[in-house]
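If you want the building blocks of each chain, they are given just below.
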Amino acid sequence: MLRRLVERFQERTELPIEIEEIRDALIELGVQDRIIFSPEELDTGTLRGAYYQWCEHAAAYGEPILTTLIVFPANEDLAWQRAICAKELVHVCDKQIVKTQTPEMVEELAQKVVGPFETRSATPADLMAAVDKLAQYQGLNLLFPAAARKLARARIAAGERTYEEVADWAGIPENYARLVLEESWDALSELLTAIGNGEHS
């Protein structure tokens, strides 16, 4: 499902890709019936975003309404809010939803996410943290599509734009813009999409 979502935007050169556009695409693809965004004051040193999923019934025997609530930090700047929401939207289309089961695991996951990627321990929280970090990078393909990246590289090479200007155009943090504008990113992005789509070599 992630590949189908990414492909929806890959020819776009008009930026920014609005978060609501990605949400609407997920609903059109039948992943969820409703996706709600909720800005909250968060301790971003511990938690930078989360999502919750449940099934509602409008009537006793009505069709189920698959709903996702995405919580993102109101106290972050817009570029980071967008990156965090894109990450959580990637989670919505995960083939195997990775969930925490206890409050202790939630706290442990938060510590893993803001800590170093490499770890010698092997726990469910390690796996969930790895999936969360992976989703951060997978979300960049949605916010900065292939066609727009090609255009941005050409304009930077010609001296017509700076990395800061390109980051503002895409609506993402500048460090992420620099990352995805590396020539090596296109091959990496294909790998990230394949992993997120559950494809195997």
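Scroll up a little and you will see the structure.
These numbers were taken from a predicted model, which means no experiment stands behind them.

A. The arrangement of the side chain of S189 in detail. Relative to the elements of secondary structure, S189 occurs in helix α9 (residues 185-196). Setting aside residues no more than four positions away along its own chain, S189 makes contact with N141 and R149.

B. The pairing of strand β2 (residues 50-57), seen in detail. Note that β2 and strand β3 (residues 64-73) share 8 bridges and pair antiparallel. Along β3, the bridge assignment pairs A50 with V71. Between β2 and β3, which pair antiparallel one after the other, the connecting turn spans 6 residues.

C. Up close: the packing of helix α6 (residues 146-157) against helix α7 (residues 163-170). The interhelical angle for the contact between α6 and α7, taken along N-to-C directions, is 155°, at an axis separation of 10 Å. With respect to their mutual orientation, α6 and α7 come out roughly antiparallel. The element α6 and its partner α7 pack so that their crossing is right-handed. For the pair formed by α6 and α7, the contact residues are A148, L151, A152 and I156 on the first element and Y163, V166 and W169 on the second. Here the residues of the contact of α6 with α7 are counted per class, giving 7 nonpolar, no polar and no charged.

D. Quick look at the packing of aromatic side chains. If you walk through the whole model with that rule in mind, you get 3 aromatic pairs. Among the aromatic residues, those joined into a ring-pair cluster are W80, Y137 and Y176.

E. Fine view of the nonpolar core. Judged by nonpolar contacts, the single largest core of 42 residues is most densely connected at L5, I22, L26 and F144. Considering each element in turn, this core owes the most residues, 7 residues, to helix α3 (residues 78-92). Setting aside residues up to four positions removed in sequence, L26 forms contacts with L5, V31, Q32, I35, L89, V92 and C93.

F. Examining the sheet that holds β2 more closely. Taken in spatial order, the 3 strands make up an open sheet running β1-β3-β2, and their pairing is mixed. The open sheet has two free edges, formed respectively by β1 (34-40) and β2, since each of these has just one partner strand. With direction set aside, neighbouring strand axes in the sheet form an average angle of 25°. With 7 bridges connecting them, β1 and β3 associate as parallel partners. By the bridge assignment, E40 is partnered in β3 with P73.

G. Layout of α6. In this model α6 runs 17 Å from its N-terminal to its C-terminal C-alpha over 12 residues, within 8% of the 16 Å that 1.5 Å per residue would give. The positive-phi residue at the C-terminal boundary of α6 is G159, with phi of around 75°.

H. The arrangement of the pattern of salt bridges in detail. Under the criterion given, the structure shown has 11 salt bridges. Among the salt bridges present, the one from R34 reaches E56, with a minimum N-O distance of 2.7 Å. Taken together, the residues R34 in strand β1 and E56 in strand β2 connect sequence positions 22 residues apart. Residue R34 is classed as partly exposed on the basis of its relative accessible area, which comes to 34%. E56 gets classed as partly exposed once you look at its relative accessible area, which sits at 26%. For R178, the salt bridge is made with E174, and the minimal N-O distance between the two is 3.2 Å. Here E174 and R178 lie together in helix α8 (residues 174-180), a separation of 4 residues that amounts to about one turn. Using a relative accessible area of 31% as the deciding quantity, one classes E174 as partly exposed.

Reading the values: rules and limits
Residues numbered from 1 in each chain as written. Predicted model: local features only at pLDDT ≥ 70, side-chain atom pairs only at ≥ 80, totals over all residues. Heavy atoms only, no water. Helix = DSSP H or I, 4+ residues; strand = E, 2+ residues; numbered from the N terminus. Contact = heavy atoms within 4.5 Å. Pairing = 2+ DSSP bridges. Axes fitted to C-alpha atoms, helices over the stretch in contact; angles between N-to-C directions. Parallel < 35°, antiparallel > 145°, perpendicular 65-115°, else oblique. Left-handed = near helix turned anticlockwise from the far one by under 90°. Nonpolar A, V, L, I, M, F, W, Y, C, P; charged D, E, K, R; others polar. Phe/Tyr/Trp six-rings, centres within 6.5 Å; stacked < 30°, edge-to-face > 60°. Core = buried A, V, L, I, M, F, W, Y, C linked by side-chain atoms within 4.5 Å. Buried < 20%, exposed > 50% of the residue type's maximum accessible area, 1.4 Å probe, protein only. Expected span 1.5 Å × (residues − 1). Salt bridge = Lys/Arg side-chain N within 4 Å of Asp/Glu carboxyl O.

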